[in-house]
Amino acid sequence: MDHFDHRHLLTFYEVIEQNESLLCKACWLKVSGQAYACKSCNYYLHKTCTQLPQKLLHPLHPPHALQLVCSTLFSAYTCQKCRYSYDIGFAYKCYLCDFVLDVKCATDLSKCLKVRTK
């Protein structure tokens with residue numbers, strides 16, 4: 001699988017035993033169950049994190065769609081919902097307003113709407 005945040009192809013990986021050292025690079029939670037991995041780089045993503053929409057309409061920021069980004073593409077940020085400061089992982093960002101939500105907070109609400117890209 002090709003992913004925007006990693007230069008190598010990711011392969012499907014079934015985590016049978018929970019391992020403290022395997023953390024998802026998107027949400028930074030422990031990897032268990034189905035995931036994608038680049039074992040040579042120690043890069044893991046939950047299967048669900050590979051399916052995050054590139055754009056998201058979010059009720060906490062109705063004026064604009066939020067773009068999925070990797071924190072390495074911009075500096076440390078504070079999530080506008082939980083107020084926690086991050087310098088790792090994926091986030092949803094509005095570049096027009098500098099509004100940012102970490103992936104966990106952005107995908108927490110069932111009211112979120114994916115934006116269809118053409």
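Residues numbered from 1 in each chain as written. Predicted model: local features only at pLDDT ≥ 70, side-chain atom pairs only at ≥ 80, totals over all residues. Heavy atoms only, no water.

Looking now at empty space enclosed by the protein. Taken as a whole and judged by the stated rule, the model has 1 cavity of 30 Å³ or more. Lining the largest cavity are A26, C27, W28, Y77, Y86, I88, G89, F90, D102, V103 and K104. In terms of residue class, the lining of the largest cavity is made up of 8 nonpolar, 1 polar and 2 charged. (1 Å grid on protein atoms, 1.4 Å probe; cavity = no way out; pocket = protein on both sides within 12 Å on 5 of 7 lines; lining within 4 Å. Points joined across faces, edges and corners; volume = space filled by probe spheres on them. Nonpolar A, V, L, I, M, F, W, Y, C, P; charged D, E, K, R; others polar.)

Taken together, the 5 bridges between strand β1 (residues 11-15) and strand β2 (residues 33-38) define a ladder with antiparallel strand orientation. Each residue of the ladder has a partner; that of Y13, found in β2, is A35. In this sheet, strand β3 (residues 43-46) lies alongside β2 in antiparallel orientation, the contact comprising 4 bridges. The residue of β3 that forms the bridge with A37 is Y44. Hairpin remark: β2 followed by β3, antiparallel, with 4 residues in the connecting loop; positive phi at N42, about 60 degrees. (Pairing = 2+ DSSP bridges. Helix = DSSP H or I, 4+ residues; strand = E, 2+ residues; numbered from the N terminus.)

Strand order in the open sheet formed by 3 strands is β1-β2-β3, and the pairing between neighbours is antiparallel. Because the sheet does not close on itself, it has two edges, and the strands there are β1 and β3. With direction set aside, neighbouring strand axes in the sheet form an average angle of 40 degrees. (Axes fitted to C-alpha atoms, helices over the stretch in contact; angles between N-to-C directions.)

Any aromatic ring pair is given by two values, namely how distant the centres are and how the planes are angled relative to each other. Applying the stated rule across the entire model yields 4 aromatic pairs. Ring centres of F12 and Y36 lie 5.6 Å apart, and the angle between their planes is 75 degrees; this geometry places the pair in the edge-to-face category. Taken together, the residues span a long stretch of sequence, with F12 in strand β1 and Y36 in strand β2 at a distance of 24 residues. Linked through ring pairs, Y77, Y84 and Y86 together constitute an aromatic cluster. (Phe/Tyr/Trp six-rings, centres within 6.5 Å; stacked < 30°, edge-to-face > 60°.)

Summing up the model confidence of the protein, the mean pLDDT is 81 and the portion of residues at 70 or higher is 80%. When pLDDT is averaged over each helix and strand of the protein, the minimum, 48, is found for strand β10 (residues 113-114) and the maximum, 93, for strand β9 (residues 99-102). (pLDDT = per-residue confidence, 0-100.)

Attention now moves to unusual backbone geometry. Backbone geometry at R83 places phi at a positive 65 degrees, although glycine is not the residue there. On the secondary structure map, R83 appears in the loop between β6 (77-78) and β7 (85-86). Exposure remark for R83: the relative accessible area of 55% places this residue in the exposed category. Although it is not a glycine, D98 adopts a positive phi angle of roughly 60 degrees. When you line up the elements, D98 lands in the loop between β8 (90-94) and β9. Note on D98: relative accessible area 52%, which makes it exposed. (Buried < 20%, exposed > 50% of the residue type's maximum accessible area, 1.4 Å probe, protein only.)

Counting residues in each nonpolar core, the largest one holds 34 residues, and the members touching the most others are C24, V31, L45, L52, F90 and Y92. In contact with C24, other than residues within four places in its own chain, are L29, V31, Y44, L45, H46 and C49. (Core = buried A, V, L, I, M, F, W, Y, C linked by side-chain atoms within 4.5 Å. Contact = heavy atoms within 4.5 Å.)

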